[in-house]
Amino acid sequence: MDFYLTAAVWILILTRHTVRSTHPDCSIVLHLLKEENECQEKILNVAAADAGCVMEWDGLSCWAAASEGDIVSVHCPQPLLEPGTPPVVISRRCSARGWSEPEPPYHLACFSEDEEQEEEMSRERNYFDALRLIYSVGYGASLAALFIAVLLFCFFRKLLCTRNCIHLHLFVTFMLRSLAVFTKDAVLFADRSLDHCTVSTLWCKAAVTFFHFCVTSNFSWLLVEGLYLQTLLIFTFVESRRLFRIYALIGWGSPTATILIWALLKEKLDNEGCWDDLDSSLWWIIKIPILLSIFINFLIFMNISRIIVQKTTATNVNQSQTQLWRRLLHSTLLLIPLFGVHYVVFALFPEHVSVGPRLYLELVLGSFQGLIVAVLYCFLNGEVQNEIQSWVRSCRPETNTNVVNLPTQEDVP
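Conventions used here
- Residues numbered from 1 in each chain as written.
- Predicted model: local features only at pLDDT ≥ 70, side-chain atom pairs only at ≥ 80, totals over all residues.
- Heavy atoms only, no water.
- Axes fitted to C-alpha atoms, helices over the stretch in contact; angles between N-to-C directions.
- Helix = DSSP H or I, 4+ residues; strand = E, 2+ residues; numbered from the N terminus.
- Parallel < 35°, antiparallel > 145°, perpendicular 65-115°, else oblique.
- Left-handed = near helix turned anticlockwise from the far one by under 90°.
- Nonpolar A, V, L, I, M, F, W, Y, C, P; charged D, E, K, R; others polar.
- Disulfide = S-S within 2.5 Å.
- Buried < 20%, exposed > 50% of the residue type's maximum accessible area, 1.4 Å probe, protein only.
- pLDDT = per-residue confidence, 0-100.
- Contact = heavy atoms within 4.5 Å.
- Patch = residues over 30% accessible without salt bridge, like charges linked within 9 Å, V, L, I, M, F, W, Y side chains within 5 Å.
- Areas by Shrake-Rupley, 256 points an atom, 1.4 Å probe, with all protein chains shown as cover.
- Salt bridge = Lys/Arg side-chain N within 4 Å of Asp/Glu carboxyl O.
- Pairing = 2+ DSSP bridges.
- Phe/Tyr/Trp six-rings, centres within 6.5 Å; stacked < 30°, edge-to-face > 60°.
- Lys NZ or Arg CZ within 6 Å of the ring centre and 35° of its normal.

Participant: Can you walk me through the packing of helix α5 (residues 162-188) against helix α6 (residues 202-234) in this structure?
Facilitator: How two helices sit against one another is set out by the angle between their axes and by the gap between those axes. Where α5 contacts α6, the two axes come as close as 8 Å, and the packing angle between them is 155 degrees. Between α5 and α6, the angle falls in the class roughly antiparallel. With respect to the hand of their crossing, α5 and α6 are arranged in left-handed fashion. Here the contact of α5 with α6 is built from residues that sort into 21 nonpolar, seven polar and four charged.

Participant: Even after reading the chapter, I still don't get the state of the cysteines, so can you show me in this structure?
Facilitator: Cysteine pairs can be covalently joined through their sulfur atoms, and such a bond is termed a disulfide. Under the criterion given, the structure shown has three disulfides. A sulfur-sulfur separation of 2.2 Å characterises the disulfide bridge that pairs cysteine 53 with cysteine 94. Measuring handedness by torsion sign, the sulfur bridge of cysteine 53 and cysteine 94 sits at about 100 degrees and is right-handed. Placement of cysteine 53 in the loop between α2 (24-45) and β1 (56-57) and of cysteine 94 in strand β4 (residues 89-95) is noted, with a sequence separation of 41 residues between them. Pair check on accessibility: cysteine 53 and cysteine 94 agree, each one buried.

Participant: Explain the confidence of the model for the protein chain to me, please; I cannot follow it from the model alone.
Facilitator: Low pLDDT means the predicted atomic positions in that stretch should not be read closely. Counting all residues, the mean pLDDT for the protein chain is 78, and 74% of those residues have values of 70 or more. Counting interchain partners and residues more than four positions distant, the pLDDT-below-50 stretch residues 1-24 has 33 contacts. Counted against residues more than four places away or in other chains, residues 399-413, with its pLDDT under 50, gives zero contacts.

Participant: What is the right way to read the packing of α6 against helix α7 (residues 240-269) from this model?
Facilitator: Across the interface, α6 lies against α7 with an axial gap of 9 Å and an inter-helix angle of 155 degrees. The orientation of α6 relative to α7 falls into the category roughly antiparallel. The two elements α6 and α7 cross, and the hand of that crossing is right-handed. When grouped by side-chain class, the residues that make up the contact of α6 with α7 number 15 nonpolar, nine polar and no charged.

Participant: Is there a simple way to explain a nonpolar patch on the surface in this structure?
Facilitator: A grouping of Phe155, Ile388, Trp391 and Val392 is seen on the molecular surface, where their side chains present a nonpolar patch of about 360 Å² in accessible area. With three residues, helix α12 (residues 382-410) is the single largest residue contributor to the nonpolar patch. Looking at the element boundaries, valine 392 is found in helix α12.

Participant: Hey, could you run me through the sheet that holds β4 in this one?
Facilitator: To summarise the sheet geometry, strands pair through backbone hydrogen bonds and adopt either a parallel or an antiparallel arrangement. Strands sit in the order β3-β4-β5 across an open sheet of three strands; the sheet is antiparallel. Either end of the sheet is taken by a strand with one partner, and the two such strands are β3 (71-75) and β5 (98-99).

Participant: Help me understand the packing of aromatic side chains, please; the structure alone is not making it clear to me.
Facilitator: Two aromatic rings, taken as a pair, are described by how far apart their centres are and by the angle between their planes. By the definition in use, this model includes 11 aromatic pairs. An angle of 35 degrees between the planes, with centres 5.8 Å apart, marks the rings of phenylalanine 153 and phenylalanine 171 as tilted. Taken together, the residues span a long stretch of sequence, with phenylalanine 153 in helix α4 (residues 115-155) and phenylalanine 171 in helix α5 at a distance of 18 residues. Classification of phenylalanine 153 as buried rests on a relative accessible area of 0%. Residue classification places phenylalanine 171 among the buried positions, given a relative accessible area of 0%. Pairwise contacts between aromatic rings join Phe213, Trp221, Phe244 and Trp252 into one cluster. For arginine 92, the ring lying beneath its charged end belongs to tryptophan 63, and the centroid distance is 5.1 Å. The positively charged end of lysine 184 is found above the aromatic ring belonging to phenylalanine 211, 4.3 Å away from the centroid.

Right, here's the structure in full:
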């Protein structure tokens, strides 16, 4: 805990002047909000005119009060223009019926989007809608499969050795991650008219915080899976109970401390929006532990793969090359979803780089990761299958006895 307190102090010192970062997509909205507030203050301080047109905010520009017949001109808001575009003048006439419509209209003067750009935006919306549908199906299937897997492990208590207990906790983090995704989508994206740049409610902050905790704990237990396998390879005898306490501290303790520090600093230094700004420097408080778990697991994966190659080639000398490589490939591929090795592909890339492939790898493939892990390490687990078969056999004798004895009793004189 001392480490986290020390880290919090250093982060507080390093980020006190740099946390005020704004996502580029929200800069226009925030600029217009600032202009609107300034215009409203002017309206309150300026006395209402007896005739003519009063000062007003039309949503994009602040128009000064004018007499009937006057023409007032303003510049198109600069954030709406492409970089390097000269200022564009927009005018309105004050008449007896009030302000006229802007001339030229805002959508012609300020926005440079043509039909091709509108089609591109439409394609992007369809793309993200399809992507959301796919990962929703993936997380839903994973949640259902993991729920059944957790019930099986809890029902057959004799299966709960250290290895399966770690699997059980990993399953729970995958379930929490799925629930967090659905919760976040419901809170932030259920209303398409919601302004995500300015929304700042307790519910949306809680949803984002819960989401980050679930993701961080999921990566922590993926790391525990790797550390446990590596420990079994290094040490012949280990004290399972003490070892599991250490793993539980890594899996649940470190994410809890990390998210608490992040949330406290967010509230003190960057309490804007819904806390879902990945461009904020405070995001590194969460990202660094995730990156560490990814790369440590990758190193463990490479080391275990090396050991698998050595042992397989040594014990299967008489097998053909095809059979040998098939066994190696099978053993290695089983570890990829358990260690989350696929996350290493885009781990060091900034969030805005290779967005398309990154989304498919981390959202689509990541959404089905829980399903894959449940199938490989529960449903196809030989111990689990044996327990299910034993339980089914224990339920059969009573039914079979009743069926056989009924006709026998009828034949008795």
